[in-house]
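Next come the chains, spelled out residue by residue.
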Amino acid sequence: MSKKEVIVKGINISYKKIGDDDYISLTDIAQISESEFPGDVIQNWMRTRNSVEFLGTWEKLYNDDFNYLEYEVIEKEAGRNSFVLTPKKWIEKVNAIGIQTKQGRYAYTIAHKDIAFKFASWLSVEFELYMIKEFQRLKEAEQVNLEWSAKRELAKINYVIHTDAIKENLIFPLLTKDQINHVYANEADMLNVALFGNTASNWVRNNPDKKGNMRDYASIEQLLVLANLESYNAILIEQGLPQSQRIVLLNETAKRQLETLSLTSTNKKKITKQIT
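Caption draft 1: Geometry of the overall build of the protein. Broken down by element type, the protein carries 11 helices and 5 strands. With 276 residues in all, the protein has 33% of them scored as buried. Pairs at least 24 residues apart make up 60% of the contacts formed inside the protein by residues separated by at least 6 positions.

Encoded structure:
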């Protein structure tokens, strides 16, 4: 399956995104108990009454096509010595969506994170806690990346506003293509200096091992301020202010906004610490 992995207590646990939810490999989790026949471990867990009731309750909550009649039959048999329940049988009988399985040479069984954590708890409460902690860390990291991407996209949108202002007010009909490109680059570099204190070319020379440009390595706060500066510069250009005045105003704005965002972030951390 197309997957990502996290390492929990030295074991690689694969997972994949299905819709908005994470589905985690039960096959990998079973490795903490049985590395050679993980499928047997999963089946042993599924045949217990408590597991059947948990799986059934989960499907009732989230599955509109859940087969209640077949579930009642399975529930009555659960816990008996002769009772056997495999992921494949469970899916086919009740139209389950919380568990998915693949048969064959590279067989695996994955389950919604709620079910995966329950399975991990059955095997080892300690392992379950470590797994929950690792996935929480993973979600926090993904959220940071999502916020960064959103700010980067905002900066790109404002960049269009910025370039339109340049085109309408600073580009004259008789300029050559090279001259036009120079104007755009010059304005972009002015924003770089106002915010980062450096030009694009200087940054490249000082960071030969890094790919992309300085904006690709900017913080979330810097990207937010950059988006604001692009909009502000577009207004200043339309007002007819020369670049020598604009860069001073933009630099003052950048400093003020970064200080405000820094204080907001610090206070937020303090409040979170107090709550926790």
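Still more ground to cover, so stick around.
Caption draft 2: Representation of the nonpolar core in the model. Of all hydrophobic cores here, the largest spans 39 residues; its most connected members are Ile29 and Trp90. For this core, the element with the most residues is helix α6 (residues 113-123), which contributes 5 residues. Once residues within four sequence positions are removed from consideration, tryptophan 90 is found in contact with Met46, Val52, Leu55, Gly56, Glu59, Phe66, Tyr71, Ile74, Leu85, Asn95, Ala96 and Ile99.

Caption draft 3: Representation of helix α3 (residues 49-62) within the structure. Here α3 contains 14 residues, and its C-alpha end-to-end distance of 20 Å stays within 8% of the 20 Å for a straight helix at 1.5 Å per residue. When α3 is considered as a whole, its buried residues turn out to be Ser51, Val52, Leu55, Gly56, Trp58 and Glu59. End-on view of α3: buried residues confined to an arc of 160°, all on one side of the axis. Turned more than 90 degrees away from the buried face of α3, the exposed residues are Asn50 and Leu61.

Caption draft 4: The pairing of strand β5 (residues 108-112), seen in detail. Summarising burial for β5: 5 of the 5 residues are buried, a large majority. Here 3 bridges tie strand β3 (residues 21-25) to β5, and the two strands are oriented antiparallel to one another. Bridging across to β5, isoleucine 24 finds its partner in alanine 111. Strand direction decides the pairing type here: strand β4 (residues 99-102) and β5, joined by 4 bridges, are antiparallel. Its bridge partner being in β5, glutamine 100 is matched across the sheet by isoleucine 110.

Caption draft 5: Spatial organisation of the packing of helix α4 (residues 68-77) against helix α5 (residues 87-94). Closest axis-to-axis distance for the α4/α5 pair is 8 Å, and the angle between their directions is 140°. The angle between the axes of α4 and α5 places the two elements in the oblique class. From α4, Glu70, Tyr71 and Ile74 reach across to α5, where they touch Trp90, Lys93 and Val94.

Caption draft 6: Seen up close, the environment of aspartate 64. Position of aspartate 64 among the secondary structure elements: in the loop between α3 and α4. A relative accessible area of 79% means that aspartate 64 is categorised as exposed. The spacing of aspartate 64 and alanine 96 is 32 residues in sequence and 10.0 Å in space, taken between C-alpha atoms.

Caption draft 7: Looking closely at the environment of tyrosine 71. By secondary structure assignment, the location of tyrosine 71 is in helix α4. It is 9.4 Å that separates the C-alpha atoms of tyrosine 71 and glutamate 53, two residues lying 18 residues apart in sequence. Those residues in contact with tyrosine 71 that sit more than four places away from it in its chain are Val52, Glu53, Gly56, Lys60, Phe66, Trp90 and Val94.

Caption draft 8: Unusual backbone geometry, seen in detail. Not every positive phi belongs to a glycine, and lysine 9 is a case in point at roughly 55°. Unusually for a residue other than glycine, asparagine 95 sits at a positive phi of about 60°. Mapped onto the fold, asparagine 95 is located in the loop between α5 and β4.

Criteria and thresholds
Residues numbered from 1 in each chain as written. Predicted model: local features only at pLDDT ≥ 70, side-chain atom pairs only at ≥ 80, totals over all residues. Heavy atoms only, no water. Helix = DSSP H or I, 4+ residues; strand = E, 2+ residues; numbered from the N terminus. Buried < 20%, exposed > 50% of the residue type's maximum accessible area, 1.4 Å probe, protein only. Contact = heavy atoms within 4.5 Å. Core = buried A, V, L, I, M, F, W, Y, C linked by side-chain atoms within 4.5 Å. Expected span 1.5 Å × (residues − 1). Arc of directions from axis to C-beta. Pairing = 2+ DSSP bridges. Axes fitted to C-alpha atoms, helices over the stretch in contact; angles between N-to-C directions. Parallel < 35°, antiparallel > 145°, perpendicular 65-115°, else oblique.

That is the geometry; function is a separate question.
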